[in-house]
Amino acid sequence: LTAPETAVPTLRGAVAGLPSYIPGRRSAGRDVAALASNESHYDPLPAVVSAVAEAAGRMNRYPDMAAVELRERIASHLGVTAGELAVGPGSVGVLQQIVTGLCDAGDEVIFAWRSFEAYPILIEVAGARPVRIPLDDAEGHDLDAMAAAVTERTKVILLCTPNNPTGVPISHERVEAFVQSVRSDILVVIDEAYVEYAEAGSGPDSLALYRRYPNVCILRTFSKAYGLAGLRVGYAVAAPAIAEGLRRTALPFSVSGLAQKAAIASLDAGEQMEARVDAVKRERARMAAQLEAQGWKLPASQGNFLWIRADDDLRAKLVDAFDRADILVRAYQGDGVRITVADPASNDRVLRLLAAHAARKP
Ligand code: PMP
């Protein structure tokens, strides 16, 4: 007796072709410096912990699906209206809604490369086509090449400023000229996940551009400077019709009540957040100066991380050295290594390790 051939469920080609997620190493009990994910190294603020604890008492209930209170709080913080906001489970969640909400199968999304690793994954899963435009020699966006890559299938363009992983911002003038040069039916998303760490004036005045150009959308997150990476909350500022569309396509209740309350409490604690951001910026400047003195050439990062361009030989040596030193960093095949700026002690470990390698560089 032969078993009848049975069909099995299969994943769509775009999904089957994606790389598997490999979780980072977490060695319990060792003094590991977690510098791989651009998180905030600070403990959560007491006021935020209290807000979460209070919200935890209501976890038997669904959260406010429309996140009304949080959207109103963000709106007053930015000087926009709640109708222009869509919140989601991290800005990556909102970005997924943007791509699925705007792209039909085969539509194109243009972005710089390297940039945030999730971009091509979200685009592929949506059935759209990722169009990667290599960074320029200064590790920044090549906006001319990005504009030249536009076709009639282009629906969305992602600008990441400061860019992850290189830290290079795009100036206000360049973003504005770019927005003026592309078709007004293309949504230009300015991903500002690290904007709080950027020096004033280094990047675009995105809210001013948003007010002037209805096809500009801003993406921000509570995961980085606000220190809520584990709670998953980010948002988009977009024209009311788009923001409303994003709210309609959201996975129901994807931003927990805990996350909503924590985000509100974080905005209320703005001064404390700024003090923490200032400390990271000072450490970034200290590290950049010392690394330069050691002979490393780095782009001037406006994020809470530093970028070392490295060929695969140097990258492998650095990865091995960081690994043995229990320092978690992010390595990118063919491109380099990204190191989060954190507390002075962790940063000193990085500086010592890189000093040893700078000495051995050819
Ligand atoms: N955009 C950029 C450029 C990022 O680097 C990240 C996180 N690494 C995100 C968006 C997403 O952050 P989250 O989903 O935690 O808001």
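Residues numbered from 1 in each chain as written. Predicted model: local features only at pLDDT ≥ 70, side-chain atom pairs only at ≥ 80, totals over all residues.

S.K.: Hey, could you go over the nonpolar core for me, with residue numbers and the actual values?
M.R.: Residues Ile98, Val99, Val156, Val189, Cys217 and Ala236 are the most contacted members of the largest nonpolar core, which totals 95 residues. Summarising the domain contributions, this core has at least three residues from each of domain 1 (13-44 + 271-357) and domain 2 (46-269). Residues within four places of Ile98 in sequence aside, it is in contact with Val156, Val189, Cys217, Ala236 and Leu246. (Core = buried A, V, L, I, M, F, W, Y, C linked by C-beta atoms within 7 Å. Buried ≥ 20, exposed ≤ 12 C-beta atoms within 10 Å, placed from the backbone. Domains from an automatic or database assignment. Contact = placed C-beta atoms within 7 Å.)

S.K.: So what's going on with the sheet that holds strand S9 (residues 305-309)? Which residues, and what values?
M.R.: Pairing is antiparallel across the open sheet formed by 3 strands, whose spatial order is S9-S12-S11. Pairing within the sheet leaves two strands with one partner each, and these edge strands are S9 and strand S11 (330-332). Shown here is a sheet whose adjacent strand axes are inclined to one another by a mean of 20 degrees, direction ignored. Here 5 bridges tie S9 to strand S12 (residues 336-340), and the two strands are oriented antiparallel to one another. Its bridge partner lying in S12, Leu306 is registered against Ile339. (Pairing = 2+ DSSP bridges. Helix = DSSP H or I, 4+ residues; strand = E, 2+ residues; numbered from the N terminus. Axes fitted to C-alpha atoms, helices over the stretch in contact; angles between N-to-C directions.)

S.K.: Describe the sheet that holds strand S5 (residues 154-160), and please don't skip the residues or the numbers.
M.R.: Read across the open sheet, the 7 strands follow the order S2-S8-S7-S6-S5-S3-S4; overall the sheet is mixed. The open sheet has two edge strands, strand S2 (85-88) and strand S4 (129-134), and neither has a second partner. On average, each strand axis in the sheet is inclined to that of its neighbour by 25 degrees, with strand direction left out of account. Where strand S6 (residues 187-191) meets strand S7 (residues 216-221), 4 bridges bridge the pair, whose relative direction is parallel. From the neighbouring strand, Val189 faces S7, where its bridge partner is Cys217. Each of S2, S7 and strand S8 (234-237) touches helix H9 (residues 240-249); the most contacted strand, S2, lies at about 25 degrees to it.

S.K.: Can you lay out the environment of Leu267 for me, pointing to particular residues and giving the numbers?
M.R.: With respect to the element layout, Leu267 can be found in helix H10 (residues 257-268). Considering only alpha carbons, one finds Leu267 and Tyr226, 41 residues apart in sequence, at a separation of 8.2 Å. If we skip the residues at most four places from it in the chain, Leu267 touches Arg73, Ile74 and His77.

S.K.: How would you summarise the site of the ligand if you had to cite specific residues and measurements?
M.R.: Around the ligand, a shell composed of 13 residues is seen, among which Gly90, Val92, Ala193, Thr221 and Ser223 lie nearest. Ranked by the residues each element gives to the shell around the ligand, the list is headed by helix H4 (residues 90-102), at 3 residues. The class makeup of the residues in the shell around the ligand is 5 nonpolar, 7 polar and 1 charged. (Near = placed C-beta within 6 Å. Nonpolar A, V, L, I, M, F, W, Y, C, P; charged D, E, K, R; others polar.)

S.K.: Talk me through the UniProt feature "modified residue: N6-(pyridoxal phosphate)lysine" (unreviewed entry) in the protein; I want residue IDs and the actual numbers.
M.R.: In the numbering used here, UniProt assigns the feature "modified residue: N6-(pyridoxal phosphate)lysine" (unreviewed entry) to Lys224. With respect to the secondary-structure elements, Lys224 resides in the loop between S7 and S8. When near neighbours in sequence (up to four residues on either side) are disregarded, Lys224 contacts Asn38, Ser40, Ala193, Tyr194 and Asn304. (UniProt positions renumbered as here; feature names shortened; annotations may be inferred.)

S.K.: Hey, could you go over helix H11 (residues 270-294) for me, with residue numbers and the actual values?
M.R.: The first and last C-alpha atoms of H11 sit 36 Å apart over 25 residues, in line with the 36 Å expected at 1.5 Å per residue. Of the residues making up H11, those classed as buried are Met273, Val280, Arg284, Met287 and Leu291. Just downstream of H11, Gly295 is the residue with a positive phi angle, here 105 degrees. (Expected span 1.5 Å × (residues − 1).)

S.K.: Would you mind going over the UniProt feature "domain: Aminotransferase class I/classII large" (unreviewed entry) in the protein in detail, with residue names and values included?
M.R.: When the UniProt feature table is mapped to this numbering, "domain: Aminotransferase class I/classII large" (unreviewed entry) covers residues 31-351. As a span, residues 31-351 carries 42% helix and 17% strand, and end to end its C-alpha atoms are 17 Å apart.

S.K.: Which residues make up the domain arrangement of the protein, and what values go with them?
M.R.: Each assigned domain of the protein is listed with its residue range as follows: domain 1 (13-44 + 271-357) and domain 2 (46-269). The distance between the C-alpha centroids of domain 1 and domain 2 comes to 23 Å. Opposite the 25 residues of domain 1 that make contact, domain 2 presents 30 residues. For the side of domain 1 that touches domain 2, the secondary-structure elements that each account for two or more residues are helix H1 (13-16), H11, S9 and S11. Looking at the side of domain 1 that touches domain 2 element by element, the count peaks at 5 residues for H11. Split by residue class, the side of domain 1 that touches domain 2 holds 13 nonpolar, 7 polar and 5 charged.

S.K.: Outline the packing of helix H3 (residues 68-78) against H10, supporting the account with residue identities and numerical values.
M.R.: Look at H3 against H10: their axes get within 9 Å of each other, and the N-to-C directions meet at 25 degrees. Classified by the angle their axes make, H3 and H10 are roughly parallel. Classified by chirality, the crossing of H10 by H3 is left-handed. Here H3 contributes Glu69, Leu70, Arg73, Ile74 and His77 to the contact with H10, which in turn contributes Gln260, Ala263, Ile264 and Leu267. Class assignment of the residues belonging to the contact of H3 with H10 gives a composition of 5 nonpolar, 2 polar and 2 charged. (Parallel < 35°, antiparallel > 145°, perpendicular 65-115°, else oblique. Left-handed = near helix turned anticlockwise from the far one by under 90°.)

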